[in-house]
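One-letter residues, chain by chain:
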There are 2 protein chains.
Amino acid sequence: MDEPQWLNADELEAWKALAGVLFLLPTALDSQLQRDSDLAMADYMVLVILSERDGRSMRMTELATSANTSQSRLSRIVARLEAAGYVTRQMAPDDRRAVLATLTEAGMAKLVAAAPGHVAQVRKLVFDRLSPAQVASLNEVARALSNPDDSATCEIST
Amino acid sequence: MDEPQWLNADELEAWKALAGVLFLLPTALDSQLQRDSDLAMADYMVLVILSERDGRSMRMTELATSANTSQSRLSRIVARLEAAGYVTRQMAPDDRRAVLATLTEAGMAKLVAAAPGHVAQVRKLVFDRLSPAQVASLNEVARALSNPDDSATCEIST
DNA sequence: ATAGTTTATTTGACGCGGCAACTACTTCCG
DNA sequence: CGGAAGTAGTTGCCGCGTCAAATAAACTAT
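Values in this document were obtained by computation on a predicted structure and should not be read as measured data.

### Points about the overall build of chain A
Next, step 1: Per the secondary structure count, chain A includes six helices and three strands.
Next, step 2: Along chain A, from the amino end to the carboxyl end, the secondary structure elements read α-α-β-α-α-β-β-α-α.
Next, step 3: The C-alpha atoms of chain A give 19 Å as radius of gyration, which overshoots the globular expectation for 158 residues (15 Å, by more than 25%).
Next, step 4: For chain A, the spread of C-alpha atoms along the three principal axes comes to 55 × 45 × 25 Å.
Next, step 5: Burial analysis of chain A (158 residues in total) assigns 49% to the buried set.
Next, step 6: Partitioning the intrachain contacts of chain A with sequence separation of at least 6 by distance along the chain shows that 49% fall at a separation of at least 24.
Next, step 7: Summed over all atoms, the accessible surface of chain A reaches about 7700 Å², with 52% contributed by carbon and sulfur.
Next, step 8: Computing the positive centroid from 16 side-chain charges and the negative centroid from 21, chain A places the two 9 Å apart.

### Considering the relation of the copies chain A and chain B
Comparison of the two chain copies shows a relationship of rotation about an axis with a shift along it.
Next, step 1: Each copy of the sequence occupies a distinct position, and chain A is placed on chain B by a rotation of 180 degrees and an axial shift of 0.0 Å, giving an RMSD of 0.0 Å. Taken together, these values place the two copies in the relation of a two-fold axis.
Next, step 2: Comparing contact sets, 100% of the residues at the interface of chain A also lie at the interface in chain B, consistent with an isologous, same-surface contact.

### Examining the pairing of strand 3 (residues 99-103) of chain A
Residue and element names in this part refer to chain A.
Next, step 1: Relative to strand 3, strand 1 (residues 57-59) runs antiparallel, the two sharing three bridges. Among the inter-strand pairings, S57 is bridged to a residue of strand 3, identified as T102.
Next, step 2: Sheet topology places strand 2 (residues 87-91) next to strand 3; five bridges connect them, and they run antiparallel. Across the sheet, the residue bridging to R89 is A101, located in strand 3.

### Comments concerning the UniProt feature "domain: HTH marR-type" (unreviewed entry) in chain A
Next, step 1: Look at the UniProt record and you will see "domain: HTH marR-type" (unreviewed entry) annotated at residues 11-147 of chain A.
Next, step 2: The span residues 11-147 of chain A carries 68% helix and 9% strand; its end-to-end C-alpha distance comes to 20 Å.

### Concerning the confidence of the model for chain A
Next, step 1: Mean pLDDT over chain A: 91, with 91% of residues reaching 70 or higher.
Next, step 2: Ignoring residues within four places in sequence, the model shows residues 149-158 of chain A, a span with pLDDT below 50, making 15 contacts including any to other chains.

### Comments concerning the sheet that holds strand 3 of chain A
Residue and element names in this part refer to chain A.
Next, step 1: The strand order across the open sheet formed by three strands is 1-3-2, and the pairing between neighbours is antiparallel. Looking along the sheet, the strands with just one partner apiece sit at the ends: strand 1 and strand 2. Taken over all neighbouring pairs, the strand axes of this sheet differ in orientation by 25 degrees on average, direction set aside.
Next, step 2: Against the sheet, helix 2 (residues 41-51) engages strand 1, strand 2 and strand 3, with an angle of about 90 degrees to strand 3.

### Focus on the interface of chain A and chain B
Next, step 1: The partner chain B presents 74 residues to the 73 residues of chain A that form the contact.
Next, step 2: Across the chain A/chain B interface, buried area totals approximately 6800 Å², and carbon plus sulfur atoms make up 70% of it.
Next, step 3: A:R123 is paired through a salt bridge with B:E11; the nearest N and O atoms lie 2.9 Å apart.
Next, step 4: Put simply, the parts of the chain that give the side of chain A that touches chain B at least two residues each are helix 1 (9-37), helix 2, helix 5 (105-125) and helix 6 (132-145) of chain A.

### So, the side chain of B:D95
Residues and elements named next belong to chain B.
Next, step 1: Inspection of the secondary structure assignment puts D95 in the loop between strand 2 (87-91) and strand 3 (99-103).
Next, step 2: On the accessibility criterion, D95 (16% relative accessible area) is buried.
Next, step 3: Here R97 takes part through its side chain, which lies 2.8 Å from a polar atom of the side chain of D95.

### Quick notes on the side chain of B:D43
Residues and elements named next belong to chain B.
Next, step 1: With respect to the secondary-structure elements, D43 resides in helix 2 (residues 41-51).
Next, step 2: Since its relative accessible area comes to 6%, D43 is described here as buried.
Next, step 3: Ignoring anything within four residues of it in the chain, the contact list for D43 reads I77, R80 and L81.

The rules behind these values
Residues numbered from 1 in each chain as written. Chains lettered and ligands numbered in written order. Predicted model: local features only at pLDDT ≥ 70, side-chain atom pairs only at ≥ 80, totals over all residues. Heavy atoms only, no water. Helix = DSSP H or I, 4+ residues; strand = E, 2+ residues; numbered from the N terminus. Rg over C-alpha atoms; globule rule 2.2 N^0.38 Å. Buried < 20%, exposed > 50% of the residue type's maximum accessible area, 1.4 Å probe, protein only. Contact = heavy atoms within 4.5 Å. Areas by Shrake-Rupley, 256 points an atom, 1.4 Å probe, with all protein chains shown as cover. Lys, Arg positive; Asp, Glu negative; His and termini not counted. Charge placed at Lys NZ, Arg CZ, Asp CG, Glu CD. Least-squares fit on C-alpha atoms with pLDDT ≥ 70 in both. Pairing = 2+ DSSP bridges. UniProt positions renumbered as here; feature names shortened; annotations may be inferred. pLDDT = per-residue confidence, 0-100. Axes fitted to C-alpha atoms, helices over the stretch in contact; angles between N-to-C directions. Buried area = accessible area lost by both parts, 1.4 Å probe. Salt bridge = Lys/Arg side-chain N within 4 Å of Asp/Glu carboxyl O. Polar contact = N/O pair within 3.5 Å; in protein donor to acceptor, adjacent residues only side chain to side chain.

What follows is the structure, given as structure tokens:
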């Protein structure tokens, strides 16, 4: 049970703690949003990203990248948001393969309504528990971990 | 869009980075394990936890807590693992409501086979990207975030 | 004992995300 | 031009996790 490059004690401890966060935080965050606003985190993020955009509009692929989701997931998310009236989809004028998702007024209103509760939850579960120095550490570490990893395919045994 | 206790610039940046990790890391980890060993992270964790136990046996509720999952999720995980022959379930002798999940030899073998690839992935996606000091920070921060939050229900607007 | 409450676990219904296949458009190149 | 290759996005199938309800056993107090 310790064959390749096993983890040392510090790493193992950190890994266990990180695994806990990875399991618990998304659930806790999702459940508040779901309960209070009937949105998943990913839905919320899509709304946020669109809201920050000039024209509140973006192409699907770019939106998927920004929201850190797969294209197929994004496609379903936007389909749901469209069904709820929060976004519209239209063909891009320059490239007829592409689709522009656009935040509607209703979507913007939804976001404004959902934000306070969500932010409160983020504050409660994350920032209230960290000193400013720890926030800086978190930023540094999270940035290191979210770089160009997502390829997610390691060439073991190929 | 800035009503309650909004996030300041540092917090916002850290939050965005953390959100990226929360979305990408589990996917990347799961996909390696799924592809190479046909196990989900949660399945793997359950096997690990049992393997570290005297008698390789534990009650469902305790297992759920240790693995940071809900009871119903754990129930399904163990059902799957049992179907695959990796664990067995038996009634606890002292409390007939309780169920003891026990790792089988096959389960242990499965874990031993899956571990190297998984650890390599963890190393690649996490520890290879962090200095020892950053590992210490990670440990500290992750520990702060995974304390007693899971209640997951905040009393906003009740 | 007995009814009521609490604890341990499972399950049915349902929605969501991943993978791979598919459509449709665009670009490249001879 | 015309076909091959690449790009954008969607969808069917399937497995997984959540929620709430169900089952069953164990206390608790009368």
